[in-house]
Amino acid sequence: MRHDRDKGLAGAAVGVGLALGGLAFGAFLTQRRKGGGDDAPFYTRKSPERDDAVLGRTVTIRKPRAELYEFWRDFGNLPQFMENVETIRSEGDHRVWTIKAPAGRTVDVRTEVSEDTQNERIAWRSVEGSDIETSGSVEFTDAPGDRGTRVSLVMSYDPPAGELGRAVAKLFMREPEVQARHDLKRLKMLMETGEIATSARTKDETRKAKQQENG
Amino acid sequence: MRALTWHGTHDVRVDTVDDPEIINSRDAIIEVTSTAICGSDLHLYDGVIPGVRPGDVLGHEFMGRVVETGKDSTLEKGQRVVVPFTIACGGCFHCKVQQFSACENSNPAEKQDMSATLYGHPMAGLFGYSHLTGGYSGGQAEYVRVPFSDVGPIAVPDHLEDDQVLFLSDILPTGWMAAENAEIQPDDTVAVWGCGPVGLFAIQSAIHMGASKVIAIDHYPHRLALAKQMGAEIIDFRKTNVREALMEMSGGIGVDAVIDAVGMEAHGFAIDNMIDIVKQKVGVGADRASALKQALLAVRPGGRVSIPGVYGGMTDKFPLGALMEKGLQVRTGQTHVQRYTKDLLKKIEEGTLDTTFMISHRLPLEDAARGYKCFREEQDSWTKVVLKPGMTD
Ligand SMILES: NC(=O)c1ccc[n+]([C@@H]2O[C@H](COP(=O)([O-])OP(=O)(O)OC[C@H]3O[C@@H](n4cnc5c(N)ncnc54)[C@H](O)[C@@H]3O)[C@@H](O)[C@H]2O)c1
Ligand SMILES: [Zn+2]
Ligand SMILES: [Zn+2]
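Residues numbered from 1 in each chain as written. Chains lettered and ligands numbered in written order. Predicted model: local features only at pLDDT ≥ 70, side-chain atom pairs only at ≥ 80, totals over all residues. Heavy atoms only, no water.

J.: Can you help me understand the overall build of chain B in this one?
T.: In terms of regular secondary structure, chain B is built from 13 helices and 17 strands. The C-alpha atoms of chain B give a radius of gyration of 20 Å, which matches the 21 Å a tight globule of 393 residues would have. Taken along the three principal axes of its C-alpha coordinates, chain B extends 60 × 50 × 45 Å. Sequence separation of at least 24 residues holds for 72% of the intrachain contacts in chain B that already meet a minimum separation of 6. Taken as a whole, chain B presents about 14,800 Å² of accessible surface, with 51% of it coming from carbon and sulfur. (Helix = DSSP H or I, 4+ residues; strand = E, 2+ residues; numbered from the N terminus. Rg over C-alpha atoms; globule rule 2.2 N^0.38 Å. Contact = heavy atoms within 4.5 Å. Areas by Shrake-Rupley, 256 points an atom, 1.4 Å probe, with all protein chains shown as cover.)

J.: Before we go on, may I ask you to explain the packing of helix H8 (residues 242-249) of chain B against helix H10 (residues 290-298) of chain B in this structure?
T.: In a pair of packed helices, the angle between the axes and the distance between the axes together describe the arrangement. Residues and elements named next belong to chain B. Running from N to C, H8 and H10 point in directions that differ by 35°, and their axes come no closer than 10 Å. In the packing of H8 onto H10, the handedness of the crossing is right-handed. Residues Val-242, Arg-243 and Leu-246 of H8 form the contact with H10, whose own contacting residues are Gln-294, Leu-297 and Ala-298. By residue class, the composition of the contact of H8 with H10 is 4 nonpolar, 1 polar and 1 charged. (Axes fitted to C-alpha atoms, helices over the stretch in contact; angles between N-to-C directions. Left-handed = near helix turned anticlockwise from the far one by under 90°. Nonpolar A, V, L, I, M, F, W, Y, C, P; charged D, E, K, R; others polar.)

J.: What's the story with the coordination of the zinc ion (ligand 3) in this structure? I'm lost.
T.: Four donors placed tetrahedrally about a metal ideally form angles of 109.5 degrees, and six donors placed octahedrally ideally form angles of 90 or 180 degrees. Residue and element names in this part refer to chain B. At 2.3 to 2.5 Å from the zinc ion (ligand 3) lie its protein donor atoms, namely Cys-89 (SG), Cys-92 (SG), Cys-95 (SG) and Cys-103 (SG). Around the zinc ion (ligand 3) sit 4 donor atoms; with metal-centred angles ranging over 101 to 116°, the donor geometry is tetrahedral. Here the donor residues of the zinc ion (ligand 3) share one chain and are spaced in sequence as C-x2-C-x2-C-x7-C. Remark: Cys-103 occurs in the loop between helix H2 (93-96) and helix H3 (112-119) and Cys-89 occurs in the loop between strand S6 (86-87) and H2; sequence separation between them is 14 residues. Across the pair, exposure class does not vary: Cys-89 and Cys-103 are buried alike. (Donors = N, O, S within 2.8 Å, 3.2 Å for Na, K, Ca; no water. Tetrahedral: all angles 85-135°; square planar, octahedral: opposite > 155°, others 65-115°. Buried < 20%, exposed > 50% of the residue type's maximum accessible area, 1.4 Å probe, protein only.)

J.: Just checking my understanding: could you explain the interface of chain B and chain A for this structure?
T.: In many analyses, interface size is given as the accessible surface area lost on bringing the parts together. Facing the 35 residues of chain B at the interface are 22 residues of chain A. Taken over both partners, the interface formed by chain B and chain A buries close to 2,400 Å², and the fraction arising from carbon and sulfur atoms is 50%. Remark: the boundary between chain B and chain A carries 3 salt bridges. A salt bridge links Asp-113 of chain B to Arg-181 of chain A; the nearest nitrogen and oxygen atoms lie 3.0 Å apart. Inspection of the chain B/chain A interface yields 17 residue pairs in polar contact (both at pLDDT 80 or more). When contributions to the side of chain B that touches chain A are tallied by element, the ones reaching two or more residues are H2 and H3 of chain B. Of the residues assigned to the side of chain B that touches chain A, the class counts are 14 nonpolar, 10 polar and 11 charged. (Buried area = accessible area lost by both parts, 1.4 Å probe. Salt bridge = Lys/Arg side-chain N within 4 Å of Asp/Glu carboxyl O. Polar contact = N/O pair within 3.5 Å; in protein donor to acceptor, adjacent residues only side chain to side chain.)

J.: Looking at this structure, how should I read the environment of Cys-374 of chain B?
T.: All names here are of chain B. Within the secondary structure, Cys-374 is located in helix H13 (residues 368-377). Exposure remark for Cys-374: the relative accessible area of 10% places this residue in the buried category. Spatially, the C-alpha atom of Cys-374 lies 33 Å from that of Gln-79, the residues being 295 residues apart in sequence. In contact with Cys-374, other than residues within four places in its own chain, are Gln-379 and Trp-382.

J.: So what exactly am I meant to see when it comes to the domain arrangement of chain B here?
T.: All names here are of chain B. In terms of domain boundaries, chain B breaks down into domain 1 (2-170 + 335-388) and domain 2 (176-332). For domain 1 versus domain 2, the distance between C-alpha centres works out to 25 Å. Taking both partners together, domain 1 and domain 2 bury about 2,300 Å²; carbon and sulfur atoms supply 66% of that area. At the boundary of domain 1 and domain 2, one finds 1 salt bridge. (Domains from an automatic or database assignment.)

J.: What am I meant to see in the pattern of salt bridges here?
T.: Oppositely charged side chains may form a pair once their charged atoms are brought near each other. Considering all chains together, one arrives at 33 salt bridges over all chains under this definition. The partner of Glu-91 of chain A in a salt bridge is Arg-110 of chain A, and the shortest N-O contact between them spans 2.8 Å. Pair noted here: Glu-91 of chain A is in strand S2 (residues 85-91) and Arg-110 of chain A is in strand S4 (residues 106-117), with a separation of 19 residues, a long-range link. We note a salt bridge from Arg-339 of chain B to Glu-180 of chain B, for which the minimum N-O separation is 3.9 Å. Note that Arg-339 of chain B is positioned in helix H12 (residues 337-350) and Glu-180 of chain B in helix H5 (residues 171-181), a separation of 159 residues in sequence. Given a relative accessible area of 26%, Arg-339 of chain B falls into the partly exposed group.

J.: How should I be thinking about the coordination of the zinc ion (ligand 2) in this particular structure?
T.: The protein atoms that coordinate the zinc ion (ligand 2) are Cys-38 of chain B (SG), His-60 of chain B (NE2), Glu-61 of chain B (OE) and Asp-170 of chain B (OD), at distances of 1.8 to 2.3 Å. You can call Asp-170 of chain B buried: its relative accessible area is 4%.

J.: Looking at this structure, how should I read the sheet that holds strand S10 (residues 189-193) of chain B?
T.: By definition, the strands of a sheet pair up through backbone hydrogen bonds, in either a parallel or an antiparallel sense. All names here are of chain B. Within the open sheet, the 6 strands sit side by side as S12-S11-S10-S13-S14-S15. Their pairing is parallel. Every interior strand has two partners, whereas the edge strands, strand S12 (233-236) and strand S15 (329-332), have only one. Shown here is a sheet whose adjacent strand axes are inclined to one another by a mean of 20°, direction ignored. In this sheet, strand S13 (residues 255-260) lies alongside S10 in parallel orientation, the contact comprising 4 bridges. In the sheet register, Val-190 faces S13, and the bridge partner there is Ala-257. Along the sheet, H5 makes contact with S13, strand S14 (299-307) and S15, crossing S15 at roughly 165°. With respect to the sheet, helix H6 (residues 197-208) is in contact with S10, strand S11 (213-218) and S13, its orientation differing from that of S11 by roughly 170°. (Pairing = 2+ DSSP bridges.)

J.: Would you mind showing me how to read the side chain of Arg-26 of chain B here?
T.: As for its placement among the helices and strands, Arg-26 of chain B is situated in the loop between strand S2 (11-16) and strand S3 (28-37). Residues in contact with Arg-26 of chain B, not counting those within four places in the same chain, are Thr-193 and Glu-195 of chain A together with Asp-72, Ser-73, Cys-89, Val-146, Pro-147, Phe-148, Ser-149, Asp-150 and Val-151 of chain B.

J.: I keep staring at H5 of chain B and nothing clicks. Help me out?
T.: Each turn of an α-helix holds 3.6 residues, which means side chains three or four residues apart point in the same direction. Counting buried positions along H5 of chain B gives 10 out of 11 residues, so the element sits mostly inside the fold. In the core, the buried residues of H5 of chain B are packed alongside strand S4 (61-69), H6, S13, S14, S15 and H12 of chain B.

J.: Is there a simple way to think about H6 of chain B in this case?
T.: Residue and element names in this part refer to chain B. With 12 residues, H6 extends 16 Å from end C-alpha to end C-alpha; this agrees with the ideal 16 Å at 1.5 Å per step. Most of H6 sits out of view: 10 of its 12 residues are buried. Those residues of H6 hidden inside the fold are in contact with H5, S10, S11, helix H7 (221-229) and S13. Trailing H6 by a residue or two, Gly-210 shows a phi angle of about 100°, which is positive. (Expected span 1.5 Å × (residues − 1).)

J.: Even after reading the chapter, I still don't get the site of ligand 1, so can you show me in this structure?
T.: All names here are of chain B. Neighbouring residues of ligand 1: 32 residues in total, closest Ser-40, His-43, Asp-218, Arg-223 and His-267. Ser-40 places a polar side-chain atom, nitrogen or oxygen, 2.6 Å from an oxygen atom of ligand 1. A distance of 3.0 Å separates an oxygen atom of ligand 1 from a polar atom in the backbone of Val-198. Its free accessible area being 860 Å², ligand 1 has 97% of it covered by the protein chains. (Near = heavy atom within 4 Å.)

J.: Got a minute to help me understand the environment of Lys-96 of chain B in this structure?
T.: For Lys-96 of chain B, the position within the fold is in helix H2. Among all residues touching Lys-96 of chain B, those that are not within four sequence positions of it are Arg-62 of chain A together with Gly-90 and Gly-91 of chain B.

So this is what it looks like as structure tokens:
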């Protein structure tokens, strides 16, 4: 069952990965402004120019911009579709993300909202004293016609400090991308259909699948 | 419950597995009264579709009675419904433009990567058809969990027998869409490769849409006879040079439209087909596309190519030049079943489509493994197998 275990660990790692990083955020903003000579998003650039510590992903959701913005703005909603985020609670101006880590552990990430433009963009970054550093942003733009809204998530994830972080980063540097992709798909499902698709036949099977994913 | 499960190539068994449960609020549980074995199931049986796992419940053509509903299901307990094999949410972009088999929300997020890697985009969820398409438990079982039950299942009136409406789940709309994709005009000569259930329904649909002549190609006498019964002229490819015959039968012009209702496991001893058979056997996965290749050469310049036959991967020596130089138009895909069920049900009620003529065998679910074996090995006489979970025999 090596395969399953790997999957479990990977799953847990990406949760951490998603919330990691921090320093690179400023760097990629600069990079973004610099442009790559064409109109493609900077994170689609080929290696070696590509910054592997930054990921970006867009999904189109058939819902009005305002509705999606409002949903995201309430960070407490995010664990519904972010599989490796256990809870996000508010403490004053801060949000504390409790993220599943390997071996049943959790990591707390303390963030603040660094930008909030109504119906357009929300950005966040970790504050001093957080277990690990992270930053991210989500942008909402109108899709053509009645196709709804384009939701773009950009995150940076520099390898985290510490023993746990090093182990995780070494093994699964690319996994946060997979996690982000799956999370956005689940967000789309939730918003467009009111539920998250599963092919499980029994409730027990869904529980087992979850446990496996979380190692 | 009892269910037909896959264990490996040519190894399917009726096992006892856990009953399905309502998981999401739009789910319903259906107690299956009739379910069929499809040519597509043979691709799983033969082990040429990736992503099937031991224990998977197969079957995607089924109907039955609603026995349980989630709180957002629009079905009612006791209702008799036919369930499309394509699982579609009704709310995404592709569902809105009626491309239901491309639904973006029915294949679970963590299962989408495999098909996204293979095809550039993920596939929709399908019942009982490998983990590429979600890994959903299928309909060759006593009960099925049906997601998005407010979108797919179509209620059928009690005066119609199961056998009359069962094929709304797949092959009737598939044959219909195959003919629609061939954009049939009144003066057309249309050639159909394969006289299995899909080909036979494509023939019936093409004639219904006004084709002046339909030519059916196969090598099984009984299947060819059914095609003839439906109004087609027939060619036995073991005895006749197909391309030459098609040129002659279309007055030297070539047929206006071709329909490949064979798919990735074409029979025949053409050299390229033999090489592809070997490749499929050793697992380097070349689809055996010899019927399609022949069709591309037979169709007239500017003609239409419709491919309901299933292909899963790559193929070698594809006549790309014929496609381009002759300016052909190709349309294909897993059927957008939900697009057709209502209209086709009406046609069944009016009696304008015959939906039972191809059923050769009705077996209890317990005999499903034998059904697979015979449907594969005795194709000529076993044209379509319907399994009845309630049948005791
Ligand atoms: N697009 C869809 O949504 C959809 C739905 C259902 C089935 N299918 C596919 O349609 C195809 C046919 O399904 P079916 O249930 O009728 O299968 P089937 O296996 O019963 O029939 C296939 C027929 O093709 C004939 N054949 C094989 N090689 C041939 C050749 N070289 N020339 C002419 N005929 C040849 C066989 O003798 C057989 O009669 C399969 O690939 C199946 O997977 C597609
Ligand atoms: Zn089928
Ligand atoms: Zn959909």
